[in-house]
Amino acid sequence: MTMHHATFRPRRYDPARDREAAHRIWREVGWLEADPAPADVFLSSGRAWVADLHGEPECMVNVHHGQVRYIDADLPLAGITGVTTSRVARRRGLARALTAHAIADAAEHGAAVALLGVFEQGFYNSLGFGNGAYEILRTLDPAEIDASAASRAPVRIDPKDWEEVHAARGARRRGHGACSIDAPELTRAEMLWSSHGFGLGYRGSDGAIGPHVWCSAKDVDHGPYRVEWMVYRTREDFLELLALLHGLGDQVRSIRLREPPGIQLQDLLRRPFRTMSVTERSRHENRATAAAYWQVRILDLERAIAAVSVQSSIEFALVLTDPIADQLPPSAAWRGLAGSYIVSLGSRSSVSTAEPGMEGPRPILKASINAFSRLWFGVRPAVALSWTDDLSGPPSLIEELDRTLCLPVPFPDWDL
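Calculation notes
- Residues numbered from 1 in each chain as written.
- Predicted model: local features only at pLDDT ≥ 70, side-chain atom pairs only at ≥ 80, totals over all residues.
- Heavy atoms only, no water.
- Helix = DSSP H or I, 4+ residues; strand = E, 2+ residues; numbered from the N terminus.
- Rg over C-alpha atoms; globule rule 2.2 N^0.38 Å.
- Contact = heavy atoms within 4.5 Å.
- Areas by Shrake-Rupley, 256 points an atom, 1.4 Å probe, with all protein chains shown as cover.
- Lys, Arg positive; Asp, Glu negative; His and termini not counted.
- Charge placed at Lys NZ, Arg CZ, Asp CG, Glu CD.
- Pairing = 2+ DSSP bridges.
- Axes fitted to C-alpha atoms, helices over the stretch in contact; angles between N-to-C directions.
- Buried < 20%, exposed > 50% of the residue type's maximum accessible area, 1.4 Å probe, protein only.
- Polar contact = N/O pair within 3.5 Å; in protein donor to acceptor, adjacent residues only side chain to side chain.
- Parallel < 35°, antiparallel > 145°, perpendicular 65-115°, else oblique.
- Left-handed = near helix turned anticlockwise from the far one by under 90°.
- Nonpolar A, V, L, I, M, F, W, Y, C, P; charged D, E, K, R; others polar.
- Phe/Tyr/Trp six-rings, centres within 6.5 Å; stacked < 30°, edge-to-face > 60°.
- Lys NZ or Arg CZ within 6 Å of the ring centre and 35° of its normal.
- Salt bridge = Lys/Arg side-chain N within 4 Å of Asp/Glu carboxyl O.

Explain the overall build of the protein to me, using residue names and the numbers behind them.
A tally of helices and strands in the protein yields 11 helices and 20 strands. Whereas a compact globule of 416 residues would reach a radius of gyration of roughly 22 Å, the protein reaches 23 Å, a difference of no more than 12%. Once the C-alpha set of the protein is aligned to its principal axes, its extents read approximately 70 × 55 × 45 Å. For the protein, the proportion of contacts with a sequence separation of at least 24, taken over those separated by at least 6, is 73%. Counting only carbon and sulfur atoms, one obtains 49% of the accessible surface of the protein, whose full area is about 19,400 Å². Across the protein, the 46 positively charged side chains and the 52 negatively charged ones have centroids separated by 3 Å.

Give me the lowdown on the sheet that holds strand β17 (residues 339-345), citing residues and values where you can.
Strands sit in the order β18-β17-β16-β19-β20 across an open sheet of 5 strands; the sheet is mixed. The sheet is open, and its two borders are formed by β18 (350-353) and β20 (391-392), each paired with just one other strand. Against the sheet, helix α9 (residues 369-377) makes contact with β16 (314-321), β19 (364-368) and β20, and its axis sits at roughly 110° relative to β19, the strand it touches most. Across the sheet, helix α11 (residues 395-404) is in contact with β16, β17, β19 and β20; its angle to β16 comes to roughly 110°.

Please give an account of the pairing of β17 that cites residues and values.
A regular strand places its side chains on the two faces of the sheet in alternate fashion. Of all 7 residues in β17, 6 are buried, a share of seventy percent or more. By the bridge criterion, 7 bridges tie β16 to β17 in an arrangement that is antiparallel. Pairing of Leu318 across the sheet is with Tyr341, part of β17. One ladder, built from 4 bridges, connects β17 with β18; its direction is antiparallel. The residue of β18 that forms the bridge with Ile342 is Ser352.

Account for the side chain of Ser45, naming residues and giving values.
Relative to the elements of secondary structure, Ser45 occurs in helix α2 (residues 37-45). Accessibility expressed as a relative area gives 12% for Ser45, which makes it buried. Here His64 takes part through its side chain, which lies 2.7 Å from a polar atom of the side chain of Ser45. Those residues in contact with Ser45 that lie beyond four places of it in its chain are His64, Ala183, Glu185 and Leu186.

Run through the packing of helix α4 (residues 162-170) against helix α5 (residues 184-193), naming residues and quoting values.
Between α4 and α5, the shortest axis-to-axis distance is 8 Å and the interhelical angle comes to 110°. By the angle between their axes, α4 is roughly perpendicular relative to α5. Classified by chirality, the crossing of α5 by α4 is right-handed. Counting all contacts with α4, which are made through Trp162, Val165, His166 and Arg169, the residues of α5 involved are Pro184, Glu185, Thr187, Arg188, Glu190 and Met191. Looking at the contact of α4 with α5 residue by residue, the classes come out as 4 nonpolar, 2 polar and 4 charged.

Run through the sheet that holds strand β11 (residues 209-217), naming residues and quoting values.
Taken in spatial order, the 7 strands make up an open sheet running β8-β10-β11-β12-β13-β7-β14, and their pairing is mixed. Where the open sheet ends on each side, the last strands, each with one partner, are β8 (155-157) and β14 (287-291). Across the sheet, the mean angle from the axis of one strand to that of its neighbour is 25°, orientation sign disregarded. For strand β7 (residues 135-140) and strand β13 (residues 255-258), the ladder comprises 4 bridges, and the chain directions are antiparallel. Note that in β13 the partner of Leu140 across the bridge is Ile255.

Give me the lowdown on the packing of aromatic side chains, citing residues and values where you can.
Going through the model one piece at a time under the given rule, you end up with 14 aromatic pairs. Relative to Trp31, the ring of Trp26 has its centre 5.3 Å away and its plane inclined at 65°; by these criteria the two rings are edge-to-face. The partly exposed category is assigned to Trp31, whose relative accessible area is 38%. One aromatic cluster is present, formed by Trp26, Trp31, Phe42 and Trp193 through successive ring pairs. The residue whose ring lies beneath Arg12 is Trp49, and the NZ or CZ to ring-centre distance is 5.7 Å. The side chain of Arg258 reaches across the aromatic face of Tyr293, ending 4.9 Å from its centre.

If you had to explain the pattern of salt bridges to someone new, which residues and values would you point to?
On inspection of all chains with the given rule, the structure shows 27 salt bridges. When the shortest N-O distance is used, the salt bridge between Arg47 and Asp105 registers 2.7 Å. Linking Arg47 in strand β2 (residues 47-53) with Asp105 in helix α3 (residues 94-108), this pair joins segments that are 58 residues apart in sequence. In this structure Arg47 comes out as partly exposed when scored by relative accessible area, which is 23%. Asp105 sits in the buried class, given a relative accessible area of 9%.

And the structure:
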């Protein structure tokens, strides 16, 4: 259902006026069960928007700004960190309209890329988002980690260390697609939210927290524990953290974690297939599942293309469609990226606006912003997207794009 723009009045979240309504919304969607303190920290740390129904906030969208790594460059990021709708406002188009407004506002304030976590595929596609890369969630027995490195005695980390922890997260090793959020209070909220949360790690010569893991545990006795994040900068850091997790195996029967970017944890397990068989259908079943939990879209095409630096060169005309315009009022200053462009990819890439008919002899790529964002980010190659998504062009152009855009698999490495 599309929200009628004449009745839609988004406004900034006002804690003095809206705090109790925000708590109510979050309780109704299951995000808040007891102590509201983490929610209040979270709401104060970003840019929150609300939409009213019957004079009360019944929908909320949260945005946190930061950076996303593209090859070797950092681009301004809008992380859509929360979209919640109360029970009385479902199926009225509020969430879609408010999210579109928040995205347009982020674009107007300089964000070049937006990322978000999905509750289900399809909803955010209508705002120009396309599926991210698969991520592997693995449950394993920490005793089965082949920890060849020695582990020093770690120090305890708890929520009072949130500023140091956030600084360490921002300074971690970051590859292509990795995100960092500006507001330290978001890390504090995440730590406070964790069920029986605890951290273990190491301090550097300057006394500051460096490599560490932050975990949650519903069953503190034997697990499963969940590794919420793992921070490291070097091979030695990473192997020492694995040895630290291995040491928990004397008591903990299973831990769950996302495979770190570029790492196959199976390489570091002693008997993965035997353990999968032995633990099958148990509470501590060792297994791996894969899904695309996040989506991406470009907000600033010029900055996005300028970040591309590749060895070979290619020039083509690009005809983009962008569904977000249908969700924005006519008065919106930023209306998405639909249009015709000339794109030049190479060691110094660029894009310019082109009027229809100015393509000349250049091959033409037609795509939705959803599919083009996936191609640009390295989620899937052009050939695959031409089969499964809204992207088409001459076969020679599609194949040349795949030879040109040889990107690492993107991993945000931050839950959004």
